[in-house]
Amino acid sequence: MSEAILMSKTPHIAIIGAGVGGLTTAALLAQAGYRVSVYEAQTYPGGSASTFIHKGYRFDSGATVAGGFQPNGPHAVAGRMLDINWPVHQHDPAWVVHLPDRTIQMCQDHQDVLAKFPNSGRFWEQQRRVADLAWQMSAEGLPWPPQDIAELGQLIKVGLRHFPQDIRLAPFALSSVHQWLKRLGLHNDRAFVRFLDASLLISAQATSKQVNALYGATALDLTRQGVYHVEGGIGNIAQTLADKVCELGGQIHYRHFVTRIAVENGRAIGVYAKKGRRTTQEMLFQADFVVANTTPWSLESLLSEDAPPALKREVQQREATYGAFVLHLGIRSDRLPPNTADHHQIVRTLDGPMGEGETLFVSMSPEWDTSRAPQGMRAVTVSTHTRIDR
């Protein structure tokens, strides 16, 4: 059988978005033998964890710290499967939190957190147990919350292997972090609640009243599991994956802005895309399957009238997410005090809204990574969360 015939019989998968999730999916599918095409509107990969070049600086756009590289962390698992050596270096402290009345070093051993909040020991004991179990169960493909009978069956199957340990997850899976704090009598500790809200804003993009306790315990595990600098900028995670996709025979189409998903008889048959945002001409790129590495709002827009009712309800019920207002700066290294940490979170008050200039996250490129800035300079990103609906 000719190679052309074999290729035509191999399922072709279109992936929307060259973010870390889309590229990881693309690399694993290409490794499994599928034909893969990734469509990305930007001229570089990474999405909300990308790096762009400007006047000799490599500035991070979006995320500036990375996790998930610990043993059995998601990037470590993907790296083993794809034979990838990630260009990362662990750093400690992960970042420093500056509250109005105290400064907390976010170190892997958690000792400074316990010293500054001595009444929080029981909370952190529970957080570690819940996070350890959640990591273990997620590695086995825990579908939470289950969306159908098949996923419920999978959940029960996984749960039976861990019973009775995972029965302890029940109150966390069904409550918020704030309700968890209430059970421990910590909800009236303004400084501790503000500290947790600030940490969750970085790791979960929401605060204790919005974040599910099970997810929150895992998100708050970021510093314990280890935080990493990415050599050359955060976007090199995506670039490493993009290189692997191409090595495995997949294709990445940059400057291809997907406008809609083509649906026929209830089934996705490809994507319509414009090459560059300024053109009005759409082209149909056919595929056997489509993976959309997008937000629920974008997915509903791409499907338009073909969006399933459940997705339409979800989009209507969900609150608008945070965006960020960002400054990218170049600063002189010799103006910084000796041994200054690379990442800082500044919280101006103990009350009021988070973000909107009341909280800032400041990330500086590490001194050892000379690829990030001209000689004697550091690349700096300063960001504050902001409501995009404003």
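Here goes a summary of the coordinates provided. These numbers were taken from a predicted model, which means no experiment stands behind them.

## Details of helix H12 (residues 235-247)
Taking 1.5 Å of rise per residue, the 13 residues of H12 would be expected to cover 18 Å, and the 18 Å separating its terminal C-alpha atoms lies within 8% of that figure. Of all the positions in H12, only Gly235, Asn236, Ile237, Ala238, Leu241, Ala242, Lys244 and Val245 are classed as buried. Residues of H12 that are buried in the fold lie against helix H2 (20-31), strand E3 (49-54), strand E4 (57-62), helix H3 (74-82), strand E8 (227-230) and strand E9 (251-253).

## Quick word on the pairing of strand E1 (residues 12-16)
Within E1, five of the five residues are buried, which leaves it mostly tucked inside the rest of the structure. By the alternation rule, side chains of E1 split into His12, Ala14 and Ile16 and Ile13 and Ile15, which are all buried. Sheet topology places E1 next to strand E2 (residues 35-39); five bridges connect them, and they run parallel. Opposite isoleucine 13, over in E2, you have valine 36 as the bridge partner.

## Thoughts on the pairing of strand E17 (residues 377-387)
Of all 11 residues in E17, eight are buried; the element is thus mostly enclosed. Pairing of strand E14 (residues 322-332) with E17 involves 11 bridges; the strand directions are antiparallel. Among the inter-strand pairings, glycine 330 is bridged to a residue of E17, identified as alanine 379. Note: strand E16 (residues 359-364) against E17, four bridges, orientation antiparallel. Within E17, the residue paired with serine 363 across the bridge is threonine 381.

## Quick look at the packing of H2 against H12
Where H2 meets H12, the closest approach of the two axes is 9 Å, and the angle between their N-to-C directions is 25°. In terms of orientation, H2 and H12 fall into the roughly parallel class. In the crossing of H2 with H12, the sense of the turn from one axis to the other is left-handed. Each of Val20, Leu23, Thr24, Ala26 and Ala27 in H2 lies in contact with H12, whose residues at this interface are Ile237, Ala238, Leu241, Ala242, Lys244 and Val245. Across the contact of H2 with H12, the residue classes tally to nine nonpolar, one polar and one charged.

## Brief notes about the environment of arginine 35
Turning to its location among the elements, arginine 35 is positioned in strand E2. Sequence-wise, arginine 35 and alanine 287 are 252 residues apart; in three dimensions their C-alpha atoms are separated by 9.3 Å.

## A look at unusual backbone geometry
Omega for the peptide link from aspartate 92 to proline 93 comes to 5°, which places this bond in the cis form. Within the secondary structure, proline 93 is located in the loop between strand E5 (88-91) and strand E6 (96-98). The backbone of arginine 255 shows a phi angle near 55°, a positive value even though the residue is not glycine.

So, how was this worked out
Residues numbered from 1 in each chain as written. Predicted model: local features only at pLDDT ≥ 70, side-chain atom pairs only at ≥ 80, totals over all residues. Heavy atoms only, no water. Helix = DSSP H or I, 4+ residues; strand = E, 2+ residues; numbered from the N terminus. Expected span 1.5 Å × (residues − 1). Buried < 20%, exposed > 50% of the residue type's maximum accessible area, 1.4 Å probe, protein only. Contact = heavy atoms within 4.5 Å. Pairing = 2+ DSSP bridges. Axes fitted to C-alpha atoms, helices over the stretch in contact; angles between N-to-C directions. Parallel < 35°, antiparallel > 145°, perpendicular 65-115°, else oblique. Left-handed = near helix turned anticlockwise from the far one by under 90°. Nonpolar A, V, L, I, M, F, W, Y, C, P; charged D, E, K, R; others polar.

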